[in-house]
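# Reading the structure
Each chain, letter by letter, is given below.
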Amino acid sequence: MDALWVIPLLLVPLLLWTSSTFVFYFKKCFYVAWMMCLAMLAIPLCVLKSGGRDIENMRVIRSLVRHVKYFLGLRFEVSGWEHLQTEGPYVIISNHQSSLDVLGLMEILPDRCTMIAKKELIYAGTVGIICWLGGIVFINRKKTSDAKTVMADAAKTMLEDQIRLWVFPEGTRNQSGGLLPFKKGAFHLAVQAQAPIIPIVFSSYSSFYLRKQKQFNSGTIRLKILPKIDTKGMTSDDVASLSDKSFNLMRSAFLDVSGSVTQSNGPLCH
């Protein structure tokens, strides 16, 4: 019977070496499980640090998550750091490809910055609890009126508490090789708060991560932080043009950084 335990121990390394599909599911399962474990560790730390829900808890979360990239064979190359050296509130917008975006987000997350996320995330076990403790703003994407109210309240909070908010304006994950049309919420938020927008672009994951093809190899993600876009003096009438300008800048940057991404340094097929 004891010998039966040896079989899985030998089988897992063999499958990791020979089956790209096994690697894909192994890494995905490990990522989810490890993030939930980290959240379990972070919950009491955040409660002890801040007593409950507080944006300062994002410091704890950031420090705990930054090592996860090494387990998945990922590394980040960041350019434009100087553009995050902006005082006061601002809105960060970035493209959204998969749950791996969280790792890039934590790589460069400024102090006093949290995110706007879909309401369903709060029900994701320990991860949902730590998101709530980190001050993440939850919106109901199915109810436009509710989302607008949350955005208006968020703009007020940004100014009162001098915080920054990270938004994914595509509204959903996208691995189409480009950017989806932007929803207007982030731009209404920035205009209402008269806060600048800082676009951040993640390079394409297609050189190492292909969900449909079940490929998840090691690779490099380039993050490009673009110069801020000022919104001083803008009104709701300017939201559409502000969104279009941001989209065009980010699409151009996406094509630029994706074209120069280091190719996957893991096996592409077996």
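Here's a quick rundown of the structure.

Thresholds, definitions, all that
Residues numbered from 1 in each chain as written. Predicted model: local features only at pLDDT ≥ 70, side-chain atom pairs only at ≥ 80, totals over all residues. Heavy atoms only, no water. Helix = DSSP H or I, 4+ residues; strand = E, 2+ residues; numbered from the N terminus. Buried < 20%, exposed > 50% of the residue type's maximum accessible area, 1.4 Å probe, protein only. Contact = heavy atoms within 4.5 Å. Axes fitted to C-alpha atoms, helices over the stretch in contact; angles between N-to-C directions. Left-handed = near helix turned anticlockwise from the far one by under 90°. Nonpolar A, V, L, I, M, F, W, Y, C, P; charged D, E, K, R; others polar. 1 Å grid on protein atoms, 1.4 Å probe; cavity = no way out; pocket = protein on both sides within 12 Å on 5 of 7 lines; lining within 4 Å. Points joined across faces, edges and corners; volume = space filled by probe spheres on them. Patch = residues over 30% accessible without salt bridge, like charges linked within 9 Å, V, L, I, M, F, W, Y side chains within 5 Å. Areas by Shrake-Rupley, 256 points an atom, 1.4 Å probe, with all protein chains shown as cover. Salt bridge = Lys/Arg side-chain N within 4 Å of Asp/Glu carboxyl O. Lys, Arg positive; Asp, Glu negative; His and termini not counted. Charge placed at Lys NZ, Arg CZ, Asp CG, Glu CD. Core = buried A, V, L, I, M, F, W, Y, C linked by side-chain atoms within 4.5 Å. Phe/Tyr/Trp six-rings, centres within 6.5 Å; stacked < 30°, edge-to-face > 60°. Pairing = 2+ DSSP bridges.

The number of helices and strands found in the protein chain is nine helices and nine strands. Structurally, the protein chain occupies a C-alpha span of about 70 × 45 × 35 Å along its principal axes. Expressed as a percentage of its 270 residues, the buried residues of the protein chain come to 47%. Restricting to contacts in the protein chain with at least 6 residues of sequence separation, those with at least 24 account for 78%.

A few words on the packing of helix H2 (residues 20–50) against helix H6 (residues 125–133). Orientation of H2 relative to H6, taken along the N-to-C sense of each, is 40°, at an axis distance of 8 Å. Here H2 runs over H6; the crossing is left-handed. Two secondary-structure elements touch here, H2 through Met-35, Met-36, Ala-39, Met-40, Ala-42, Ile-43, Cys-46 and Val-47 and H6 through Gly-125, Thr-126, Val-127, Ile-129, Ile-130 and Leu-133. The class makeup of the residues in the contact of H2 with H6 is twelve nonpolar, two polar and no charged.

The gaps left among the atoms become clear once a water-sized probe is rolled over them. On inspection of all chains with the given rule, the structure shows one cavity of 30 Å³ or more. Looking at the largest cavity, its volume works out to about 40 Å³. Taken together, Ile-55, Met-58, Arg-59, Arg-62, Leu-109, Pro-110, Asp-111, Arg-112 and Cys-113 make up the full set of residues lining the largest cavity. Per element, the largest residue contribution to the lining of the largest cavity is three residues, and it comes from helix H3 (residues 57–65). Broken down by class, the residue content of the lining of the largest cavity amounts to five nonpolar, no polar and four charged.

For the rest of this paragraph, the subject is a positive patch on the surface. Together, Lys-118, Arg-141, Lys-142, Arg-173, Lys-183, Arg-211 and Lys-212 make up a region of like positive charge exposed at the surface. In this structure Arg-173 comes out as partly exposed when scored by relative accessible area, which is 48%.

In this section: the nonpolar core. Ranked by internal contacts, the top residues of the largest apolar core, which has 79 residues, are Leu-100, Leu-103, Trp-166, Leu-189 and Ile-200. Here this core takes eight residues from H2, the largest share from any one element. Ignoring sequence-local partners within four residues, the contact set of Trp-166 consists of Ile-92, Ser-94, Leu-105, Ile-108, Leu-109, Cys-113, Thr-114, Met-115, Ile-116, Ile-200 and Phe-202.

In this section: H6. For H6, the set of buried residues is Thr-126, Gly-128, Ile-130, Cys-131 and Leu-133. Next to the buried residues of H6 lie H2, H3 and strand E4 (137–139). Looking at the residues trailing H6, positive phi occurs at Gly-135, about 80°.

Now for the pattern of salt bridges. One pass over the structure, following the stated rule, counts eight salt bridges. Glu-56 is paired through a salt bridge with Arg-59; the nearest N and O atoms lie 2.8 Å apart. Residue classification places Arg-59 among the partly exposed residues on the basis of a relative accessible area of 37%. Here Arg-222 and Glu-77 are joined by a salt bridge, their closest N and O atoms 2.2 Å apart. With Arg-222 in strand E9 (residues 219–225) and Glu-77 in strand E1 (residues 74–79), this pair connects stretches of sequence that are 145 residues apart.

Counting across every chain of the model gives ten aromatic pairs. An angle of 75° between the planes, with centres 5.5 Å apart, marks the rings of Phe-30 and Phe-71 as edge-to-face. Here the residue Phe-30 occupies a position in helix H2, and Phe-71 occupies one in helix H4 (residues 68–71), the gap between them amounting to 41 residues. Look at Phe-30 and you get partly exposed, because its relative accessible area is 27%. For Phe-71, a relative accessible area of 48% puts it in the partly exposed group. Residues Phe-182 and Phe-247 carry aromatic rings whose centres are separated by 5.2 Å and whose planes lie at 80° to one another, so their mutual orientation is edge-to-face. Separated by 65 residues along the polypeptide, Phe-182 in the loop between strand E5 (164–167) and helix H8 (185–193) and Phe-247 in helix H9 (residues 239–259) bring together distant segments of the chain.

Before going further, it helps to spend a moment on the pairing of E9. Burial of E9 is extensive: five of the seven residues sit out of reach of the surface. In this sheet, E9 lies alongside E1 in parallel orientation, the contact comprising six bridges. Across the sheet, the residue bridging to Val-78 is Leu-223, located in E9. Note that strand E6 (residues 197–202) and E9 share three bridges and pair antiparallel. Paired with Phe-202 across the strands is Leu-223, a residue of E9.

Let us now look at H8. Every buried residue of H8 is listed here: Ala-186, Phe-187, Leu-189, Ala-190, Val-191 and Ala-193. The first or second residue beyond H8 is Gln-194, which carries a positive phi of 50°.

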